[in-house]
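Close look at the chain arrangement
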Amino acid sequence: QVCQHPYAGMRSWGAEAVTSLVKAALGYKFDTPLNENLKLQKTILQPIQEISSTNYSDIRQKQLECVLQILHNNGDQLLHGWPLILGVIGAVNDNQGEKLVQTAFQSLQVVVTDFLPIIPSIYQQVCVEVAGRFGLQNKELNVSLTAIGLLVSFRYLMVSLCKVRIILPFDRTD
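Residues numbered from 1 in each chain as written. Predicted model: local features only at pLDDT ≥ 70, side-chain atom pairs only at ≥ 80, totals over all residues. Heavy atoms only, no water.

Taken as a whole and judged by the stated rule, the model has one cavity of 30 Å³ or more. Considered as a void within the structure, the largest cavity measures approximately 30 Å³ in volume. Val112, Cys127, Val128, Ala131, Leu150, Leu151 and Phe154 are the residues that line the largest cavity. Those elements giving two or more residues to the lining of the largest cavity turn out to be helix 6 (121-136) and helix 7 (141-167). (1 Å grid on protein atoms, 1.4 Å probe; cavity = no way out; pocket = protein on both sides within 12 Å on 5 of 7 lines; lining within 4 Å. Points joined across faces, edges and corners; volume = space filled by probe spheres on them. Helix = DSSP H or I, 4+ residues; strand = E, 2+ residues; numbered from the N terminus.)

With that out of the way, let us pick up the packing of aromatic side chains. Per the counting criterion, the structure on display carries three aromatic pairs. Considering the side-chain rings of tyrosine 28 and phenylalanine 30, the 4.8 Å spacing of their centres and the 70° angle between planes classify their relative orientation as edge-to-face. Over the ring of tyrosine 56 we find arginine 11; its NZ or CZ atom is 3.5 Å from the centre of that ring. (Phe/Tyr/Trp six-rings, centres within 6.5 Å; stacked < 30°, edge-to-face > 60°. Lys NZ or Arg CZ within 6 Å of the ring centre and 35° of its normal.)

Examined against the element boundaries, glutamine 61 turns out to sit in helix 3 (residues 57-74). Among all residues touching glutamine 61, those that are not within four sequence positions of it are Lys99, Leu100 and Thr103. (Contact = heavy atoms within 4.5 Å.)

Before going further, it helps to examine the pattern of salt bridges. Counting across every chain of the model gives two salt bridges. Arginine 11 is the salt-bridge partner of aspartate 58, the closest N and O atoms lying 3.9 Å from each other. Taken together, the residues aspartate 58 in helix 3 and arginine 11 in helix 1 (residues 8-27) connect sequence positions 47 residues apart. Residue aspartate 58 is classed as partly exposed on the basis of its relative accessible area of 33%. (Salt bridge = Lys/Arg side-chain N within 4 Å of Asp/Glu carboxyl O. Buried < 20%, exposed > 50% of the residue type's maximum accessible area, 1.4 Å probe, protein only.)

Attention now goes to the confidence of the model for the protein. The predicted model of the protein has a mean per-residue pLDDT of 86, with 89% of residues at 70 or higher. When the elements of the protein are averaged for pLDDT, helix 7 gives the smallest value, 76, and helix 4 (residues 82-90) the largest, 95. With pLDDT under 50 throughout, residues 170-174 is counted as low confidence; its partners more than four residues away or in other chains account for zero contacts. (pLDDT = per-residue confidence, 0-100.)

What follows deals with helix 4. Buried residues dominate helix 4, accounting for seven of its nine residues. Looking at helix 4, one finds that the buried residues are Trp82, Leu84, Ile85, Leu86, Val88, Ile89 and Gly90. Contacts made by the buried residues of helix 4 are with helix 2 (38-50), helix 3, helix 5 (98-115) and helix 6.

Here we take up the UniProt feature "domain: Mon2 C-terminal" (unreviewed entry) in the protein. In the UniProt entry, the feature "domain: Mon2 C-terminal" (unreviewed entry) is given for residues 113-152. Regarding residues 113-152, the helix share stands at 78% and the strand share at 0%, and the terminal C-alpha atoms are separated by 12 Å. (UniProt positions renumbered as here; feature names shortened; annotations may be inferred.)

Along the chain, glutamine 124 falls in helix 6. Judged by relative accessible area, which is 9%, glutamine 124 ranks as buried. When residues no more than four places from it in sequence are discounted, the contact partners of glutamine 124 are Leu116, Ile119, Phe154 and Met158.

Written as structure tokens, this is what we have:
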């Protein structure tokens, strides 16, 4: 709620607190590894997703910068956190500024180029939908065109993974 406060300073402090706490929690070494605990991942990432409802671009910018840091520092641990992260990335719309569109799309590019092969298949559809939204937005033409390229890359990756899954079971020599 503090991220919706009418006073800009209070909003900024609230966003800074939320993003710092989320990053600290993701960096903590839990008894059960974070990538094995669905409930814990959702609990930690939910506050970041809740910021998506704000209309204040300064707060959304902090949120998206946090997501980008999460991807760089903890992306390999987000086994069950992908729907929340992709939801934040995909929440950017045409009513928001070009800077927000660019920052969100930068996060999507990191997801597709660095993590797509390890994202569970049940969440990959969400990734395609988010890329499609960026392809349809009209705020930033370069982002739209690059998003279409990401969709093509996604298709080729899926075809490659399917071929590997088909070949490997028959490739055993034991």
